[in-house]
Amino acid sequence: MQHSDEVLDRALADPERVPSHSTRLGGREVGPQVQSWKVERAYATDLPEAMRAVSGSASAQLELLLGGVEGVPAPRLYSAWADRLTGDLVRPGQSVVHMAGAAGRTVPAFRGTVRSRTAASGSDTVTVQALDGAERLRGPASLPRPYHGYMWGRPVATATWCVDELLRQGGIHSCPPPRAPAVDPTDTKPFTALYASLHGGFNATHGQPEFVPSPSTYDWIREGAPFEMALMPKEAGLTASWMPRSRFVVPGKAFQVECWVNTAMARGNMIEMSAVFDQNGTRTGYVKVSFDIATGKVHTTSGTVGVGEQTLNPWPFETLASLRGVWHLGFMVETSSTGSVVAPSVQPRLTQPDGKNLWGVKVTFDKEIARQPVSELRQIDLKTDMAVECLQVTDRVWSDSASYPWAEWEQRGQWTKGAVLDTPELPLFDVPRVSGSQWDVITEIARASMSTAEFDEQGVFRWRGPSRFTKVPAAPDLTVTTRRDISSLTVTEEIDACRNYCEQPYQDWNGIRAVSGEPIEDTVVREIEANSAIVVQYAMAEDDTEVGPPVVLDDTVVGEGHQVRFGSAKTGGVSVKGDVTVGCWRDGPTYYVRFANHSASSVWTVTKDGKPSVRLQPLKRSADPKQRTYALTNSTSQKYYGKQQYTAPSADWVQTAETAVALTKAMINAGRHPVPLLGDVEVLHDPRIQLGDVVRVVDTAGAELDTFAWVVGISTTHAAGNTPQQTLTLRGTAYNGVPGDSGLAPDAPVDPAYGRQRKYQRLAAQYATLDTLTKQAVTYRTLLETPGATA
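The structure reproduced in this document is the subject of the present report. Here the residue index of a chain counts from 1 through its sequence in written order. Reporting in this predicted model follows two pLDDT cut-offs: at least 70 for local features of residues, and 80 or more for side-chain atom pairs to be given and counted; totals over whole chains, interfaces and linings ignore these cut-offs and use all residues. The basis for every side-chain value is the complete set of heavy atoms in the structure, and neither hydrogens nor water enter the calculation.

Structural notes on the overall build of the protein chain
Okay, so step 1: A run of DSSP states H or I qualifies as a helix once it reaches four residues; a run of E qualifies as a strand once it reaches two. Both are numbered from the N-terminal end. If you tally the helices and strands in the protein chain, you get 13 helices and 51 strands.
Okay, so step 2: A principal-axis box enclosing the C-alpha atoms of the protein chain has dimensions of 125 × 85 × 55 Å.
Okay, so step 3: Between buried and exposed lies partly exposed: a residue is buried under 20% and exposed over 50% of the maximum accessible area for its type, with that area taken using a 1.4 Å probe on protein chains only. Scored against the burial criterion, the 791 residues of the protein chain give a buried share of 53%.
Okay, so step 4: Here, two residues are considered to be in contact whenever any of their heavy atoms come within 4.5 Å of each other. Nonlocal contacts in the protein chain, meaning residues at least 24 apart in sequence, comprise 74% of its contacts between residues at least 6 apart.
Okay, so step 5: Carbon and sulfur atoms make up 49% of the accessible area of the protein chain, which amounts to about 34,300 Å² in all.
Okay, so step 6: When charges are counted, neither His nor the chain ends are considered; positive counts come from Lys and Arg and negative counts from Asp and Glu. Note on charges: their place is set at NZ of Lys, CZ of Arg, CG of Asp or CD of Glu. Placing the 77 positive and 88 negative side-chain charges of the protein chain at their respective mean positions leaves the two points 2 Å apart. Each accessible area is a Shrake-Rupley result for a 1.4 Å probe, and residues are judged covered by the shown protein chains and nothing else.

Describing the packing of aromatic side chains
Two measures describe an aromatic ring pair: the distance that separates the ring centres and the angle between the ring planes.
Okay, so step 1: For Phe, Tyr and Trp, where Trp contributes only its six-membered ring, two rings pair if their centres lie within 6.5 Å, and the inter-plane angle classes them as stacked under 30 degrees, edge-to-face over 60, or tilted in between. Enumeration according to the criterion identifies 17 aromatic pairs in this entry.
Okay, so step 2: Each ring, one from phenylalanine 202 and one from tryptophan 220, has its centre 5.2 Å from the other, and the planes form 55°; the classification is tilted. You can see phenylalanine 202 sitting in the loop between β10 (191-196) and β11 (208-211) and its partner tryptophan 220 sitting in strand β12 (residues 218-221), a full 18 residues away along the chain. For the residue pair phenylalanine 202 and tryptophan 220, the accessibility class agrees, reading buried in each case.
Okay, so step 3: As a reminder, the over-ring test applies to NZ of lysine and CZ of arginine, requiring each to be within 6 Å of the ring centre and within 35 degrees of the ring normal. In this structure, arginine 349 is placed above the aromatic ring of tryptophan 406, and the distance from its NZ or CZ to the ring centre is 3.8 Å.
Okay, so step 4: Between the NZ or CZ atom of lysine 643 and the centre of the ring of tyrosine 501, over which it lies, the distance is 4.5 Å.

Quick word on the side chain of threonine 125
Okay, so step 1: Inspection of the secondary structure assignment puts threonine 125 in the loop between β7 (105-119) and β8 (126-131).
Okay, so step 2: Polar contacts involving the side chain of threonine 125 include one to the side chain of glutamine 35, which spans 3.0 Å.
Okay, so step 3: Discounting chain neighbours no more than four positions away, the residues touching threonine 125 are Gln35, Leu65, Leu66, Ala74, Pro75, Thr118, Ala119 and Ala120. Polar contacts, as used here, are pairs of N or O atoms within 3.5 Å; protein pairs need one atom able to donate a hydrogen and one able to accept it. Residues neighboring in sequence count only if both atoms are side-chain atoms.

Digging into the nonpolar core
Okay, so step 1: By nonpolar core is meant a set of buried Ala, Val, Leu, Ile, Met, Phe, Trp, Tyr and Cys residues that side-chain atoms within 4.5 Å join together. Trp242, Phe461 and Trp653 are the most contacted members of the largest nonpolar core, which has 93 residues in total.
Okay, so step 2: In this structure, tryptophan 653 is in contact with Leu143, Cys162, Leu426, Leu428, Pro432, Val434, Val441, Glu444, Ile445 and Ala448, ignoring residues within four places of it in sequence.

Considering the pattern of salt bridges
Okay, so step 1: Throughout this description, the term salt bridge denotes a Lys or Arg side-chain nitrogen within 4 Å of a carboxyl oxygen of Asp or Glu. Applying the stated criterion across every chain, the model contains 34 salt bridges.
Okay, so step 2: Three or more residues joined by partner-sharing salt bridges are found here, namely Arg145, Asp430, Arg621 and Asp624.

Description of the environment of leucine 770
Okay, so step 1: Position of leucine 770 relative to the elements: it lies in helix α12 (residues 770-776).
Okay, so step 2: Judged by its relative accessible area of 64%, leucine 770 falls in the exposed class.
Okay, so step 3: Expressed as a C-alpha distance, the spacing of leucine 770 and leucine 382, which sit 388 residues apart in the sequence, is 101 Å.

Examining helix α10 (residues 657-671)
Okay, so step 1: Taking 1.5 Å of rise per residue, the 15 residues of α10 would be expected to cover 21 Å, and the 21 Å separating its terminal C-alpha atoms lies within 8% of that figure.
Okay, so step 2: Looking at α10, one finds that the buried residues are Thr659, Ala660, Leu663, Thr664, Ala666, Met667, Ile668, Ala670 and Gly671.
Okay, so step 3: The inward-facing, buried residues of α10 contact β29 (427-428), α8 (438-449), β34 (501-508), β46 (626-633), β47 (645-647) and β51 (725-732). The span you would expect from a helix comes to 1.5 Å times its residue count less one.

Points about the sheet that holds strand β41 (residues 580-587)
Okay, so step 1: Reading across from one edge, β15-β41-β42-β38 is the order of the 4 strands in this open sheet, with antiparallel pairing throughout. The sheet terminates laterally at β15 (246-247) and β38 (532-539), the two strands that pair on one side only.
Okay, so step 2: Only strands that DSSP links by at least two bridges are regarded as paired with each other. Across 8 bridges, the pairing between β41 and strand β42 (residues 590-597) is antiparallel. Bridge pairing in β42 links valine 582 to phenylalanine 595.

Thoughts on the packing of helix α5 (residues 159-169) against α8
Okay, so step 1: Only the stretch in contact is used when a helix axis is fitted, and all axes are lines through C-alpha atoms; the angle between N-to-C directions ranges over 0 to 180 degrees. At their nearest, the axes of α5 and α8 sit 10 Å apart, and the two run at 165° to each other. The orientation of α5 with respect to α8, classified from their angle, is roughly antiparallel. With respect to the hand of their crossing, α5 and α8 are arranged in left-handed fashion. Residues Ala159, Cys162, Val163, Leu166, Leu167 and Gln169 of α5 pack against Gln438, Val441, Ile442 and Ile445 of α8.
Okay, so step 2: Class assignment for the residues of the contact of α5 with α8 results in 8 nonpolar, 2 polar and no charged. In this scheme, roughly parallel covers angles under 35 degrees and roughly antiparallel covers those over 145, while 65 to 115 is roughly perpendicular and the rest are oblique. By definition, turning the near helix anticlockwise from the far helix through less than a right angle yields a left-handed crossing, and turning it clockwise yields a right-handed one. We call Asp, Glu, Lys and Arg charged. Ala, Val, Leu, Ile, Met, Phe, Trp, Tyr, Cys and Pro are nonpolar, and the rest, Gly among them, are polar.

Here's the deal with the side chain of threonine 481
Okay, so step 1: Mapped onto the fold, threonine 481 is located in strand β32 (residues 478-481).
Okay, so step 2: At 3.3 Å, the side chain of threonine 481 forms a polar contact with the backbone nitrogen of arginine 484.
Okay, so step 3: Look past the residues within four positions of threonine 481 in its chain and what remains in contact with it is Ile486 and Val698.

Remarks on unusual backbone geometry
Okay, so step 1: For the bond from valine 250 to proline 251, the omega torsion is 5°, close enough to zero to count as cis.
Okay, so step 2: Mapped onto the elements, proline 251 comes out in the loop between β16 (249-250) and β17 (255-278).
Okay, so step 3: The backbone of alanine 103 sits at a positive phi, close to 55°, despite the residue not being glycine.
Okay, so step 4: Considering the arrangement of structural elements, one finds alanine 103 in the loop between β6 (95-102) and β7.
Okay, so step 5: Here alanine 103 falls in the partly exposed class, since its relative accessible area comes to 43%.
Okay, so step 6: Residues other than glycine seldom take positive phi values, yet aspartate 187 does so here, at roughly 55°.
Okay, so step 7: Here aspartate 187 shows up in the loop between α5 and β10.

A word on the sheet that holds β47
Okay, so step 1: Spatially, β46-β34-β47 is the arrangement adopted by the 3 strands of the open sheet, whose pairing is mixed. Edge positions in the sheet fall to β46 and β47, since each has one partner strand and no second. Averaged over all pairs of adjacent strands, the angle between strand axes in this sheet comes to 20°, irrespective of strand direction.
Okay, so step 2: In this structure, β34 lies alongside β46, joined through 8 bridges in antiparallel fashion.

Examining helix α1 (residues 6-13)
Okay, so step 1: All buried positions along α1 are accounted for by Leu8, Ala11 and Leu12. Down the axis of α1, the smallest arc covering the buried residues is 95°, so these residues share one side. Away from its buried face, by an angle of more than 90 degrees, α1 presents the exposed residues Glu6 and Ala13.
Okay, so step 2: Next to the buried residues of α1 lie β6 and β7. As used here, the arc is the angular range of directions from the helix axis to the C-beta atoms.

In structure tokens, the structure reads:
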């Protein structure tokens, strides 16, 4: 139910109602011009209609009939050929906000955009049709498909993560979005190298996982998450790592690493974020910042693995220890030193739960052991004892607190939360290939996972998992009765809604690992001129999963991996490190690599002996997963209704036996008895009712029922001068008990007399003549069924 105030509640309880509505097109109020309006929303599903509440997507539609203004007919104002000054009010794509209520008080009823307008010449009416937020998700769906899930034999994402990612592509966010997702051709503006929401998966919007922890070591939580969902360790020291989509160079400009945490949801006291650099040979360097919530101190360390490190004196933040709650933690690293060795400078930035901003004095590592030689960013490591969300790395940010606006740090005014997710379901070892629009794929996932997807009346997207309709609520949101609210009611119970033998196909990924695909080797040595960038396209097989940017080699390492070498001359020259940023992205079968040279001299993609050095190494799964099926039977239901079978469509989204078991149980619980469907329930208009609400239906006039039911469909219409008409489609929360058949003796499905009827020879023996037979005046059935004496 939508929230309302006392005035509206009283108005809806009064015997006489004065309907009210407000309609805005393009932000302009046009309510007085609305001749009639109609809003429809319902779940769409492949399941039988009476089971529809447990699966599918819902997209609301609004239809308006607009009249003209001050004697000017509506077609002249709003048709497709009308003057733009008035016609743009109802152009396709224009914003629509509709509200409805009574006694001058309204609540949201629809928020979306215009899909079509139809002007009837010679009339004073223009018909406007609009669709809710689903219209924002008509872009092409694309999901990153890393190989790390089956490489580690651990889930890399969930269906919920995929839904969240598709929403983000449509500009609908559930947490702070990537700061700078677009590539800057001049390489001067900020750029997001890594973005991992941690909303039910380690998969990343930009970049990709590197190390994926065991699912036994963490949970995905919503209670206590900074925004929507968070990674929660089961014990201290949970680690994960990611590969950036851009291997930016050191020395370079300042970059930033950040995340959001809830220090009140902790298994320990520490969270560490590290930037790891690929140095010459096989050596790796790192800059690490540790936040200690027990002491309120922040430490920073710089060094080289296996060589040594330097830890600087900690920054003290007293409230980090005393004020538990949601913190925004991050640090900036400046590597703009000149020469072949960099002494990095580090500065932490924090935002307290109460919104107060904190920062530490910038410090520079002064010991030689802490310096970072020319290199490229290799990966980002996270070690956490507490709930964490929205990890991201941004290259080319402000290098000091004086020039870095706090509003920018908080991304204030840059986004609005527009989605609410449910607990993650359907763990994925491999993200399925998708096609169609983002809304198409979200609908597909909803059907496969027995979930529901919808935009509510305020334009907020809501994703609810398969457990939504499994528990009978203790109290209704609203009670409607035939004595006052209901004008008509139809109750339907159908055998097609009964499913007592349910099967759920699933994929078995046990034993599948990552193997090398066919390498892609460049055939051309490419020059990258000084302070410029080039983008090269490579064809990649559809079965090949995502691979990150090639690793930059030097002459001390010879390998056959995913790599590139930059030479100082076209013929080979000496290897160049720390001058070229390598980034990548994929669009279907095309893999793009961007080489940005930050030096004052040209470099070439060339091996030491003068051959092309770009070598791309795709990875693929070692085998296809085995297709298996889990089945569940309800013998009690079969006793009364016979065997009613339902096999869920085979879907790539179900990848574990545990998921198949859970979905099958949800299916059979919903369908083991044909739950009644209450259709065409015409009620007094109540704008507070929403899909998924629980309504108590009391019928004292006809069916004599008193039951709870879920709202699975709503249709509301209103014509000027009349009372709004609202029709609900309801699905009962429970069935009316197990059949008893008291006092009944149901007939068998086959006539018991079949096979026992007398044949002609026996009749002839008993009735020798026709006269003998007719004198007894027996009926035809008696003649056939009564056993007779043998001949």
